[in-house]
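Each chain is listed here by its residues.
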Amino acid sequence: MNEVILIYAATLLLAWPLGKYIASVFSGNGGAVGAVFLPIERCLYRLCGVDPSQSMSWQDYGKALLKLHLLLVLIVFGLLMAQGFLFMNPDGIGGMSWDLALHTAISFLTNTNQQHYSGQAQLSYLAHTFGIVTLQVVTPAAGMAALVAIVRTLFGHGVKTQKRSEDGPVSVGNFYEDITRAVIRVMLPVSTVVALIIASQGVPNSYEGARTATPLDQTSGMEEQHIPIGPVAPMVAIKQVGTNGGGWYGPNSSVPLENPTPVSNAVQTMSLVLIPAALVFALGFMTSRRRLARMVMGVMVMMSVSLTLVAIWSENQPNVAFSGLAAEGPNLEGKEVRFGATATALWGSWSTQTSNGSVNGMHDSFNPIGGMIPLIDMFINVTFGGIGVGLIGFLLFMLLAAFLGSLMIGRAPEIAGKALEAREMKLVCIALLIQPLLILGLGAIAVTFPALTGNSNTGFHGLSQVIYEYTSAFANNGSGFEGLNDDTVWWNLTCAVNLALGRFIPILALLAISASLAAKRSAPEGRGSLSIDTPTFGMMTVAVIVMFTLLSFMPVLILGPIAETLALMP
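So, here is what we can say about the structure in this document. Just so it is clear, the structure is predicted and the values come from calculations on it, not from any experiment. (Residues numbered from 1 in each chain as written. Predicted model: local features only at pLDDT ≥ 70, side-chain atom pairs only at ≥ 80, totals over all residues. Heavy atoms only, no water.)

1. A word on the overall build of the protein
And then number 1: Scanning the protein for helices and strands turns up 17 helices and four strands.
And then number 2: Relative to a compact globule of 570 residues, whose C-alpha radius of gyration would be 25 Å, the protein shows 23 Å and is just as compact.
And then number 3: In terms of principal-axis extent, the alpha carbons of the protein reach across some 80 × 60 × 45 Å.
And then number 4: If you take every contact in the protein between residues at least 6 apart in sequence, the share linking residues at least 24 apart comes to 78%.
And then number 5: Surface summary for the protein: the accessible area is close to 22,300 Å², and the carbon and sulfur share equals 66%. (Helix = DSSP H or I, 4+ residues; strand = E, 2+ residues; numbered from the N terminus. Rg over C-alpha atoms; globule rule 2.2 N^0.38 Å. Contact = heavy atoms within 4.5 Å. Areas by Shrake-Rupley, 256 points an atom, 1.4 Å probe, with all protein chains shown as cover.)

In structure tokens:
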């Protein structure tokens, strides 16, 4: 447990100065660091024909975000289909099928990185470097840009404070300026530092073809093994830092080439939460509401610690499948012995508390309660969440809590002095309720027609596998309970729907809500006002999150992991 405490403490200590730096990046006061990056950014603006000083309404901001993503998905889809005919392909890997290419492009476009393929065997160096890694940099930056636009509009602070003429719309900033700063000043520098650290630990970084190795034990008749390598370190760094999760190798960071040492494991674990936590601190610096940031961080850390401790406890219990076959001890099925049960459970919990989805062990091999924790993490999806979108989701729950809390104290619903009316609450409900609708609806169809799923398990665990896959897609997480034959037209297309709607609907809904609230007059806060930066409101928000999750998903948890636990009891 000392390792767990150290990683929590180190991550939060690093997140505080990083959050202060991120706030300065988007406040227009980059200082000496900003002066270094400014010429690069100006070149990009001229190259793309963008005027960063032009303000955008929320509709224009949302359209710019969607147009960029549409362009990227078309480029990457074509690249994946044609990679067999293109250069930087020393191992002669062929193109993907249309449905797998579509799912892969949308998956990485939505900062999900759900993989229905094995990276080292089905992607060329060109597809990896210029397709996948590009999306791994740009998509978390887009989430960060959307969050900055929402925060500056909702709370009236940021690079450009919201402005409204008598007949003009509220300005939320400029999307192209925001995403450029997020990429150039945040994502690339942080991921470069992480890449250098893990490369020093032995993670490969080369464009050479596969290496040939001769096994020491040749009793199986295998005289040679071909081991794919490549520029692994940069991709692993951005997959962790960017809450992406898609690994170079199919088994992800459980492979020694991706994660060779305890140091690389600790660095990659901290990278899961680093920027999402930093954005909470940045919220306080950007809005001059430090108490609000402390409240949000307190809630997130409390939920994180509670869920992580359950996962660690579960994975340190024996695996009942081995009862009587070996001495009792932690559940090491599907885990790397060099990491052990505790470090693997911590990673599994953190990677699903963010929208990362990377693994250093197999979640499908967790004990039932241990496997239930990643599911709950993704149902909640706001413990830390993905870069930008995690805090966006938390703000949606805060709006719902403010609506209910205002009614409880006998006031008209409001937040930060702005009235919450029917339009805003309809958008909140749409953004929140589409999650159980899609996950449970598609899950019901899949289990009703088992031939669609290609499921390796029946019964309780089979249901968990199906629900996990759709939850992972909607939560933009990407991890999976292995055992599904998921490279099929059914899984590729239905997951692609979950991926896209789970990503863009919450972003666009809160953009519209923030602009709507910014256009209203702010009432002065008095003694009877609902304060949103107090521990009381924090607990109110926790209660809303817990009730929403249980009301939506408790039945499927009972039929899945809880029933599996009871069935395995002696």
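2. Considerations on the side chain of Ser 191
And then number 1: Note that Ser 191 resides in helix 7 (residues 175-200).
And then number 2: For Ser 191, a relative accessible area of 9% puts it in the buried group.
And then number 3: When neighbours within four sequence positions are excluded, Ser 191 is seen to be in contact with Ala 237, Ile 238 and Val 241. (Buried < 20%, exposed > 50% of the residue type's maximum accessible area, 1.4 Å probe, protein only.)

3. Quick notes on the packing of helix 6 (residues 125-155) against helix 13 (residues 389-408)
And then number 1: Taken N-terminus to C-terminus, the directions of helix 6 and helix 13 make an angle of 40°; their axes are 8 Å apart at the nearest point. For the pair helix 6 and helix 13, contact is made by Gly 143, Ala 146, Leu 147 and Ile 150 and by Val 389, Leu 391, Ile 392 and Leu 395, respectively.
And then number 2: Split into classes, the residues belonging to the contact of helix 6 with helix 13 amount to seven nonpolar, one polar and no charged. (Axes fitted to C-alpha atoms, helices over the stretch in contact; angles between N-to-C directions. Nonpolar A, V, L, I, M, F, W, Y, C, P; charged D, E, K, R; others polar.)

4. Considering helix 6
And then number 1: Here helix 6 spans 44 Å end to end across 31 residues, near enough to the 45 Å set by a 1.5 Å rise per residue.
And then number 2: Buried residues dominate helix 6, accounting for 29 of its 31 residues.
And then number 3: Positive backbone phi, at 75°, marks Gly 156, one or two positions downstream of helix 6. (Expected span 1.5 Å × (residues − 1).)

5. Some remarks on a nonpolar patch on the surface
And then number 1: Residues Met 81, Trp 98, Val 489 and Leu 493 make up a contiguous nonpolar surface patch of roughly 330 Å² in combined accessible area.
And then number 2: For Val 489, the position within the fold is in helix 16 (residues 489-518).
And then number 3: With a relative accessible area of 41%, Val 489 lands in the partly exposed category. (Patch = residues over 30% accessible without salt bridge, like charges linked within 9 Å, V, L, I, M, F, W, Y side chains within 5 Å. Salt bridge = Lys/Arg side-chain N within 4 Å of Asp/Glu carboxyl O.)

6. Focus: the pattern of salt bridges
And then number 1: The final tally for this structure, using the stated rule, is eight salt bridges.
And then number 2: Arg 185 is paired through a salt bridge with Glu 41; the nearest N and O atoms lie 2.6 Å apart. With Arg 185 in helix 7 and Glu 41 in helix 2 (residues 31-48), the pair connects residues that are 144 residues apart, well separated along the chain.
And then number 3: Residue Arg 185 is classed as buried on the basis of its relative accessible area of 4%.
And then number 4: By relative accessible area, Glu 41 is classed as buried at 1%.

7. Observations regarding the packing of helix 8 (residues 232-241) against helix 9 (residues 262-287)
And then number 1: Interhelical geometry of helix 8 versus helix 9 gives an angle of 45° and a closest axis separation of 7 Å. Here helix 8 lies oblique to helix 9, going by the angle between them. Contacts from Val 236, Lys 239, Gln 240 and Val 241 in helix 8 reach Gln 268, Ser 271, Leu 272 and Ile 275 in helix 9.
And then number 2: Looking at the contact of helix 8 with helix 9, its residues break down into four nonpolar, three polar and one charged. (Parallel < 35°, antiparallel > 145°, perpendicular 65-115°, else oblique.)

The quantities given are spatial measurements derived from coordinates; they are silent on function.
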